[in-house]
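For reference, the chains in residue letters:
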Amino acid sequence: MPGLLRGVARTAVVAGTATAVSNRVSRRQAGRWAAQDVAATGQNTPAQQNTTPPPSPEPAAAGDDMGGRIAQLKELAQLKEQGILTDDEFAAQKSRILGS
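Since the model is a prediction, treat every value here as computed from it, not as a measurement. (Residues numbered from 1 in each chain as written. Predicted model: local features only at pLDDT ≥ 70, side-chain atom pairs only at ≥ 80, totals over all residues. Heavy atoms only, no water.)

S.K.: Even after reading the chapter, I still don't get the pattern of salt bridges, so can you show me in this structure?
M.R.: Any two side chains of opposite charge can pair, so long as their charged atoms come close to each other. Applying the stated criterion across every chain, the model contains one salt bridge. Measuring nitrogen to oxygen at the nearest pair gives 3.4 Å for the salt bridge that ties Asp-87 to Lys-80. Take Asp-87: its relative accessible area is 52%, and that puts it in the exposed class. Here Lys-80 falls in the partly exposed class, since its relative accessible area comes to 33%. (Salt bridge = Lys/Arg side-chain N within 4 Å of Asp/Glu carboxyl O. Buried < 20%, exposed > 50% of the residue type's maximum accessible area, 1.4 Å probe, protein only.)

Structure below.
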C-alpha cells in the first residue's frame, strides 16, 4: 500500500508540474504573437488604446534600500528575457531605477 500511495503522489506532482509549465509556455507564446501582430499592423488593440500609461514613480532617494533596487533589476531582466521588454526599454528602466 505505501508503494501505491507513493506512486500516485509522484504522478500527481509530475502532472501538476507539466500542466503549470505548459500553461506558462502557452501564455508566453500568446503574448509574443500578440506583440508581433501589433508590430506588423502598426495598430493598437482596443485594450491598448483605452489604457493610460502608469504614472512614473519619483526618482530613487539617496537613502533608498539597495535590496529593492536589486529586486526591480532582476524583475526587469526577467521581462527582457521573456521578450516583453526591448533592449532600449530595458536600458531606460534600468537607468531610472539606478537614478542615473
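S.K.: Just checking my understanding: could you explain the environment of Leu-98 for this structure?
M.R.: Structurally, Leu-98 can be placed in helix α4 (residues 87-98). On the accessibility criterion, Leu-98 (38% relative accessible area) is partly exposed. Along the chain, Leu-98 and Ile-70 lie 28 residues apart, while their C-alpha atoms are 9.5 Å from each other. In this structure, Leu-98 is in contact with Arg-69 and Leu-73, ignoring residues within four places of it in sequence. (Helix = DSSP H or I, 4+ residues; strand = E, 2+ residues; numbered from the N terminus. Contact = heavy atoms within 4.5 Å.)

S.K.: What's the story with a positive patch on the surface in this structure? I'm lost.
M.R.: Taken together, the side chains of Arg-24, Arg-27, Arg-28 and Arg-32 make up a positively charged region of the molecular surface. As for its placement among the helices and strands, Arg-32 is situated in helix α1 (residues 2-41). (Patch = residues over 30% accessible without salt bridge, like charges linked within 9 Å, V, L, I, M, F, W, Y side chains within 5 Å. Areas by Shrake-Rupley, 256 points an atom, 1.4 Å probe, with all protein chains shown as cover. Lys, Arg positive; Asp, Glu negative; His and termini not counted. Charge placed at Lys NZ, Arg CZ, Asp CG, Glu CD.)

S.K.: Just checking my understanding: could you explain the packing of helix α3 (residues 66-81) against α4 for this structure?
M.R.: Running from N to C, α3 and α4 cross one another at 175 degrees; their axes reach a closest spacing of 10 Å. One finds that α3 runs roughly antiparallel with respect to α4. Of the residues in α4, those touching α3 at Arg-69, Gln-72, Leu-73, Leu-76, Ala-77 and Lys-80 are Asp-87, Phe-90, Gln-93, Lys-94, Ile-97 and Leu-98. Class assignment of the residues belonging to the contact of α3 with α4 gives a composition of six nonpolar, two polar and four charged. (Axes fitted to C-alpha atoms, helices over the stretch in contact; angles between N-to-C directions. Parallel < 35°, antiparallel > 145°, perpendicular 65-115°, else oblique. Nonpolar A, V, L, I, M, F, W, Y, C, P; charged D, E, K, R; others polar.)

Honestly, it's all geometry; don't read function into it.
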